[in-house]
Amino acid sequence: MEYETVIGLEVHVQLRTQSKMFCSCRADYQSAPVNSRVCPVCLGLPGALPVINRRAVEYTVMTGLALNCDIPRLTKFDRKNYPYPDLMKGYQISQYDLPLAIDGRLQIETEAETKAVGVTRVHLEEDVAKLQHFPADSGGYSLVDVNRSGVPLMEIVSEPDMRSAEEARAYLTTLHSLLQYLGVSTANMQDGSFRCDANISLRPAGSEEFGNRTEIKNMNSFRSVFQALNFEIERQRRVLEGGGRVVQETRGWIEGRAVTVSQRSKEDAHDYRYFPEPDLPPLDIDPVWVEEIRGRLPELATQRCARFQQDYGLSEYDARLLTDSKAMADYFETAVCLQALSGDALNSHAKQVSNWMLGDLSGLLNQDNRDISESPVSPESLVELIGLVGDGIISVTMGKTVLEEAYNTGGKPRRIVEERGYTQISDTSAVEPAVFEALEANPRAVADYLGGKESAAKFLVGQVMKITRGQAKPDLVNQLVTAALDRAKAGVD
Ligand SMILES: [Zn+2]
């Protein structure tokens, strides 16, 4: 039987606010000593009262607008009773029936098609503390770090509109880029600022009814989401084809073994007994404020892609690659703007920056699995390198070597060129002795050329480049070798 895959995603995003969601503790807990970002509110001490972080609400509205959501006038916070030890109060303040943003959509692109994925809701809640468990053989205890508890957490829930792991990956990368463009989150997956859970089920192709679904957790990269979903599609297909039933449960992705394993069945699912948070007033979201936020939405990837084609004469393909990530687009524009140029000169400069970025620099970064924001070669250095090549001081080939050294050492291209003596010899009197040497050392090639074998000249050019260690200007060498051979020819005739 043919099966259709149905995927919905829940993404949790830590917001980049100064303070936590309901107290004045600083939210930048990552680099802080454990249990140092704490106060009576986020410790859940009796009598402590929460206060809503206005910036977190604004960021959530902003995200909702960028996702084409409606922003209802009335919203409120609810208490989600929660029995785990990672929340000091014993409940989490979240949003249940009246989220900040509803009914949106996100346009995604796969190789096969462009489609809109529905966004059910965007709501705001608080993050939980970090637990660290030590197994029995190392003492059998757990440690808790409250720093993360109370950090604003935005949850974006999609409709079950995705039909493959490719579509899920496209949704996540597009959403990830959008959040970085908005500046509402670092959206760093490694440190947990952007986390994804997936609901996945299979149903007979053509059926309208959903099959039993599983929820997958613990996926820490786009790659693991992609792999976990493909694993789960296969697993469920085998269960169904074997005449079995897919058990509705939560499964965890085990990165090292590349499998999902059962963590919790539906019978264990908690009844969170939501009720309106009595310590917080309902929020009346002023439509004027919403429109003011809409007016402040920054330029997003699609608009920037169009502008790059318009302003810098880039191809759609290159512009897309450069604008998919905000960091990449920012790097590009910084590099381009370092030179005050206009018209054709600007376009040609932009094209060179784009070529170096998408070619050699991306190659080096990909090797190390690094983001452009971590590039040891700054936009200033890249522009310096492009200038050295453009001025004919070094050849393109040498430029690649210099870029690699600048990448590895963090040194400035001009300095590297000077220290290593990587200069392109463009002085005739400096190249001529090498031409003479090459002709002397290869009488055979000279004879071949004189006998009519023109390709022998190419060999001799290569020999000159070798003698000058690649530093001679290729067109000059060409010119001098041809002249010397022509002189020899004239002498023979
Ligand atoms: Zn606090």
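Residues numbered from 1 in each chain as written. Predicted model: local features only at pLDDT ≥ 70, side-chain atom pairs only at ≥ 80, totals over all residues. Heavy atoms only, no water.

1. Some thoughts on the coordination of the zinc ion
Inference 1: Only C23 (SG), C25 (SG), C39 (SG) and C42 (SG) from the protein reach the zinc ion as donors, at distances of 2.3 to 2.4 Å.
Inference 2: Its 4 donor atoms give the zinc ion angles of 100 to 116° at the centre, a pattern that matches the tetrahedral case. (Donors = N, O, S within 2.8 Å, 3.2 Å for Na, K, Ca; no water. Tetrahedral: all angles 85-135°; square planar, octahedral: opposite > 155°, others 65-115°.)

2. A few points about the sheet that holds strand β6 (residues 114-126)
Inference 1: Read across the open sheet, the 8 strands follow the order β5-β6-β9-β1-β10-β11-β12-β13; overall the sheet is mixed. Each edge of the open sheet carries a strand with a single partner, namely β5 (101-109) and β13 (259-265). Averaged over all adjacent pairs, the angle separating strand axes in this sheet is 30°, with direction ignored.
Inference 2: The pairing of strand β10 (residues 194-204) with strand β11 (residues 214-219) spans 4 bridges and is antiparallel. Bridge pairing in β11 links C196 to M219. (Pairing = 2+ DSSP bridges. Helix = DSSP H or I, 4+ residues; strand = E, 2+ residues; numbered from the N terminus. Axes fitted to C-alpha atoms, helices over the stretch in contact; angles between N-to-C directions.)

3. Section: the domain arrangement of the protein
Inference 1: Domains assigned within the protein are domain 1 (3-291), domain 2 (301-420) and domain 3 (428-492).
Inference 2: Centre-to-centre, using C-alpha coordinates, domain 2 lies 35 Å away from domain 3. (Domains from an automatic or database assignment.)

4. Things to note about the packing of helix α7 (residues 326-337) against helix α8 (residues 343-367)
Inference 1: One can describe the packing of α7 onto α8 by two numbers: an axis separation of 10 Å at closest approach and a directional angle of 135°. Judged by the inter-axis angle, α7 sits oblique to α8. Crossing of α7 over α8 shows right-handed handedness. In this structure, α7 uses M328, Y331, F332, A335 and V336 to contact α8, whose residues at the interface are L346, H349, A350, V353, S354, M357, L358, L361 and S362.
Inference 2: Looking at the contact of α7 with α8 residue by residue, the classes come out as 11 nonpolar, 3 polar and no charged. (Parallel < 35°, antiparallel > 145°, perpendicular 65-115°, else oblique. Left-handed = near helix turned anticlockwise from the far one by under 90°. Contact = heavy atoms within 4.5 Å. Nonpolar A, V, L, I, M, F, W, Y, C, P; charged D, E, K, R; others polar.)

5. Concerning the UniProt feature "domain: Asn/Gln amidotransferase" (unreviewed entry) in the protein
Inference 1: Per the UniProt record, the feature "domain: Asn/Gln amidotransferase" (unreviewed entry) sits at residues 330-485.
Inference 2: Note that residues 330-485 is 73% helix and 0% strand, and that its end C-alpha atoms are spaced 51 Å apart. (UniProt positions renumbered as here; feature names shortened; annotations may be inferred.)

6. A closer look at the nonpolar core
Inference 1: The biggest cluster of nonpolar side chains holds 108 residues, and the ones touching the most others in it are I156, Y171, L175, F332, M357 and L382.
Inference 2: Broken down by element, the residue count for this core peaks at 10 residues, all from helix α2 (residues 165-182).
Inference 3: With residues near it in sequence (within four places) discarded, L175 still touches V11, L67, L106, I156 and F194.
Inference 4: Among the nonpolar cores identified, the runner-up in size contains 21 residues, and M465, L476, L480 and A484 belong to it. (Core = buried A, V, L, I, M, F, W, Y, C linked by side-chain atoms within 4.5 Å. Buried < 20%, exposed > 50% of the residue type's maximum accessible area, 1.4 Å probe, protein only.)

7. Topic: the pairing of β10
The side chains of a regular strand alternate between the sheet's two faces.
Inference 1: Counting buried positions along β10 gives 9 out of 11 residues, so the element sits mostly inside the fold.
Inference 2: Pairing analysis gives 11 bridges linking strand β1 (residues 3-14) to β10, with the strands arranged antiparallel. In the sheet register, L9 faces β10, and the bridge partner there is A198.

8. Structural notes on helix α1 (residues 54-66)
Inference 1: Between its first and last C-alpha atoms α1 spans 18 Å; for 13 residues at 1.5 Å apiece the expected length is 18 Å, and the two agree.
Inference 2: By the criterion of burial, α1 is predominantly enclosed, with 11 of the 13 residues buried.
Inference 3: Of all the positions in α1, only A56, V57, E58, Y59, T60, V61, M62, T63, G64, L65 and A66 are classed as buried.
Inference 4: Looking at the buried residues of α1, the elements they touch are β5, β6, β9 (152-158), α2, β15 (283-284) and α4 (287-295).
Inference 5: For α1, the capping residue at the N-terminal end is N53, with a side-chain oxygen 2.9 Å from the backbone nitrogen of R55.
Inference 6: Following α1 by one or two positions, N68 has its phi on the positive side, about 60°. (Expected span 1.5 Å × (residues − 1). Polar contact = N/O pair within 3.5 Å; in protein donor to acceptor, adjacent residues only side chain to side chain.)

9. Digging into the pattern of salt bridges
It is possible for side chains of opposite charge to pair when their charged atoms get near one another.
Inference 1: Taken as a whole, this structure holds 39 salt bridges when the rule is applied.
Inference 2: A salt bridge links R296 to E292, with the shortest nitrogen-to-oxygen separation between them at 2.6 Å.
Inference 3: A relative accessible area of 38% means that R296 is categorised as partly exposed.
Inference 4: One salt bridge connects E299 with R304, and the closest N-O pair in it is separated by 3.7 Å. (Salt bridge = Lys/Arg side-chain N within 4 Å of Asp/Glu carboxyl O.)

10. Thoughts on the packing of helix α5 (residues 301-312) against α7
Inference 1: Interaxial distance between α5 and α7 falls to 12 Å at its minimum, and their mutual angle equals 20°. When the interaxial angle is binned, α5 and α7 end up roughly parallel. The handedness of the crossing between α5 and α7 comes out as left-handed. Where α5 approaches α7, its residues R304, R307, F308 and Y312 are matched on the opposing element by K326, A329, D330, F332, E333 and V336.
Inference 2: Of the residues assigned to the contact of α5 with α7, the class counts are 5 nonpolar, no polar and 5 charged.

11. A short note on the packing of aromatic side chains
Inference 1: By the definition in use, this model includes 9 aromatic pairs.
Inference 2: Between F22 and F77, the ring centres sit 5.6 Å apart and the planes meet at 85°, which makes this aromatic pair edge-to-face. Here the residue F22 occupies a position in the loop between β1 and α1, and F77 occupies one in the loop between β2 (74-75) and β3 (78-81), the gap between them amounting to 55 residues.
Inference 3: Taking relative accessible area as the criterion, F77 reaches 2% and is therefore assigned buried. (Phe/Tyr/Trp six-rings, centres within 6.5 Å; stacked < 30°, edge-to-face > 60°.)

12. A few points about the environment of Q236
Inference 1: Tracing the backbone shows Q236 in helix α3 (residues 222-241).
Inference 2: Classification of Q236 as buried rests on a relative accessible area of 0%.
Inference 3: Residues in contact with Q236, not counting those within four places in the same chain, are I200, S201, L202, N212, T214 and V246.
Inference 4: Here L202 takes part through its backbone nitrogen, which lies 3.4 Å from a polar atom of the side chain of Q236.

13. Focus on the side chain of Q14
Inference 1: Inspection of the secondary structure puts Q14 in strand β1.
Inference 2: Aside from chain neighbours lying at most four places away, what touches Q14 is Y29, Q30, D127, R148, V151, P152, L153, V184, S185, G192, S193 and R195.

14. Examining the side chain of D127
Inference 1: Here D127 lies in the loop between β6 and β7 (130-134).
Inference 2: Residue classification places D127 among the buried residues on the basis of a relative accessible area of 1%.
Inference 3: Polar side-chain contacts of D127 include one of 2.9 Å to the side chain of R195.
Inference 4: In this structure D127 touches Q14, L87, R148, S149, G150, V151, L153 and R195, once residues within four positions along its chain are discounted.

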